[in-house]
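For reference, the chains in residue letters:
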Amino acid sequence: MSTTSAFTIEQFYRFLEQRKLMAGKCLTCGKIHLPPRPLCDSCYGQIFEWVELSGKGKLLTYTIIHVAPSQFQTMAPYTVGIVQLEKGLKLLGLISDVPLEQLKVGMDLTIDFVACRLDKTWPQWQRYCFKAV
Amino acid sequence: MNGKPLVSIVSAGLSKFGKHEGLYAREIFALALKEALDRCPKLEPKRHIKAVFVGHMGESYEHQGHMGSTAADWGGLIGIPATRTEAACASSGVALRSGIYAVLSGLADVVLVGGVEKMTHRTTAEVTEYLAMASDYPFEQFHGVTFPGLFAMMATAHMNAYGTTEEQMARVAVKNHRHALLNPKAHMQKELTVETVLASKLVSWPLKIYDCSLITDGASCIILTKPDLASKFTDTPVHIVGSGQASDTIGLYERQSLTSLNSARLAAKIAYEMADIRPENVDVAEVHDCFTFAEIMAYEDLGFCKVGEGGKLVEKNETALGGRIPVNTSGGLKAKGHPVGATGVAQAYEIFLQLTGQAEQRQVKGAHVGLTHNVGGSGATAVVHIYRSD
């Protein structure tokens, strides 16, 4: 399923609706992009294939946000972290359902899918977060 | 280049930083410009200034874009090319860099470089949202991340990797607030203790309200010229001898390192080599302390200490006035304030005062070499300049 046009941010979020975390692999140089990009930043290739990731990873770092932007104020305080996935890829997301005392750099996490709670001024994309394994 | 001046600063101006109720950004910019003109009576602005570059981050604050020409207009300079530069909190660091391009290209021999932001009339939630616009929209903003949140994640990573503590971060706030007491233009004139900082309200753990820079109104400007023209305008120019600007991924999550800013390291390396100056030769520095942790990371990225030892540097008072390398004598973004578009050139203003012996109570004795470090967003932009007086 390689094409020259579909390796977009929109398509990344569409796959999430199917509960799939998908990266784009450049068929010219082999670099894997998460999120996918329509132009390889390494070799400028435009031919890609989709690679499905397990969504499992380790917590690299985190913060607990108390002062939130307007749209997120009802959720505060909430935890956000950066997760190291397979193939050297990383992703940022909300960390849900992990008690503060159990939050630890290096802990195992896995992706989860949640409904979008943002108003219509934001894209109504499928949202993801990470939870403890 | 090997230490030869790229351009010379012949004057500088800064508005009071703080709340300017009832003033528009352009009116605050005019205050900074007036000081720079008064300081340099030999300069005839309408005759000599050939271009203006103004750093301005957000149209949202005043529903006003097009700040380049707006500032030129209200600065009595219409006719000349006027350009707004935007690189989040490095907007005017990039204006300065653009001014250097203009002078070195030969297209303009005298250039006004400045920056402005009017922020305090907005609510904290609005400002949080406007600032977050400088981060990655679909992969950071969409997931509820704020700017304090991005720097907090770097702080957490640094604490884990090197044992940096919340107390060491608090010491940056205490130091910069102490420096600000000596700067009449600083936004906040308030001494802090480590205990007060540690007990203050959480913004984004591990960062608390007193770890954060201030929401401030303010404007800054400097006047650049070719080194061989400087003596026409002043007897005490400050030369820019090194200029580095670098970029990085817009998203923090894609970076190789979460404990340093590669853009700042690259920009510093370029500037040091151009200036033929080493970190230990720097007498005084203004660094981008948008959060206390960011100053600790800046020490390491600029080579003021070894990687992982930034916390210890502030603990040993080496970066306080009177220490080995005084950092943020102005009070920094932390206490002088952070009108984002004005910050980069406000740092250059402080170095101009220091290297011309005009920093009064906060003067670093014998300061001859200065450095500024201005970061945009979570580090997708960094600008480092090195300055020298004759």
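Residues numbered from 1 in each chain as written. Chains lettered and ligands numbered in written order. Predicted model: local features only at pLDDT ≥ 70, side-chain atom pairs only at ≥ 80, totals over all residues.

Some remarks on the overall build of chain A
Which entries qualify depends on this criterion: Helix and strand labels come from DSSP, where a helix needs a run of H or I of at least four residues and a strand needs a run of E of at least two; each type is numbered from the N terminus. Here contacts are defined at the residue level, using C-beta atoms placed from the backbone and a cut-off of 7 Å between them.
Secondary structure summary: chain A contains 1 helix and 8 strands in total. The secondary structure elements of chain A, listed N-terminal to C-terminal, are α-β-β-β-β-β-β-β-β. Along the first, second and third principal axes, the C-alpha atoms of chain A reach 45 × 35 × 25 Å. Long-range pairs, those at least 24 residues apart, make up 51% of the contacts in chain A between residues at least 6 apart in sequence.

Points about the pairing of strand E8 (residues 238–247) of chain B
The side chains of a regular strand alternate between the sheet's two faces. Residues and elements named next belong to chain B. Note the following rule: Residues with at least 20 neighbouring C-beta atoms inside 10 Å of their own are called buried, those with 12 or fewer are called exposed, and the rest are partly exposed, where every C-beta is derived from the backbone. Pairing between two strands is assigned when DSSP locates at least 2 bridges connecting them.
Where burial is concerned, most of E8 is hidden: 9 out of the 10 residues are buried. As judged from the 3 bridges shared by strand E1 (residues 7–14) and E8, these two strands associate in the antiparallel manner. Following the sheet pairing, Val7 is matched in E8 by Ile240.

So, unusual backbone geometry
Of the consecutive residues Ala76 of chain A and Pro77 of chain A, the connecting peptide bond is found in the cis state with omega at -5 degrees. Mapping Pro77 of chain A onto the fold places it in the loop between strand E4 (56–65) and strand E5 (78–84). Cis rather than trans, the peptide bond between Trp205 of chain B and Pro206 of chain B has omega equal to 5 degrees. Its location among the elements puts Pro206 of chain B in the loop between strand E5 (202–205) and strand E6 (207–208). With phi around 60 degrees, Arg19 of chain A is a residue other than glycine that occupies positive phi space. Here Arg19 of chain A is to be found in the loop between helix H1 (9–17) and strand E1 (21–26). Take Arg19 of chain A: there are 12 C-beta atoms within 10 Å of it, and that puts it in the exposed class. Phi is positive for Glu360 of chain B, close to 50 degrees, though the residue is something other than glycine. Looking at where Glu360 of chain B falls in the secondary structure, it is placed in the loop between helix H14 (343–355) and strand E10 (369–376). Under the C-beta neighbour-count criterion, Glu360 of chain B is labelled exposed, with 10 such atoms within 10 Å.

Section: the domain arrangement of chain A
Residue and element names in this part refer to chain A. Heads up, the condition is: The split of the chain into domains comes from an automatic or database domain assignment. Under the scheme applied, nonpolar residues are Ala, Val, Leu, Ile, Met, Phe, Trp, Tyr, Cys and Pro; charged residues are Asp, Glu, Lys and Arg; polar residues are all the others, including Gly.
Domain annotation for chain A reports domain 1 (9–53) and domain 2 (56–132). On a C-alpha basis, the centres of domain 1 and domain 2 stand 21 Å from each other. Contacts between the two partners involve 9 residues from domain 1 and, on the opposite side, 10 residues from domain 2. Top contributing element to the side of domain 1 that touches domain 2 by residue count: H1, with 3 residues. When grouped by side-chain class, the residues that make up the side of domain 1 that touches domain 2 number 7 nonpolar, no polar and 2 charged.

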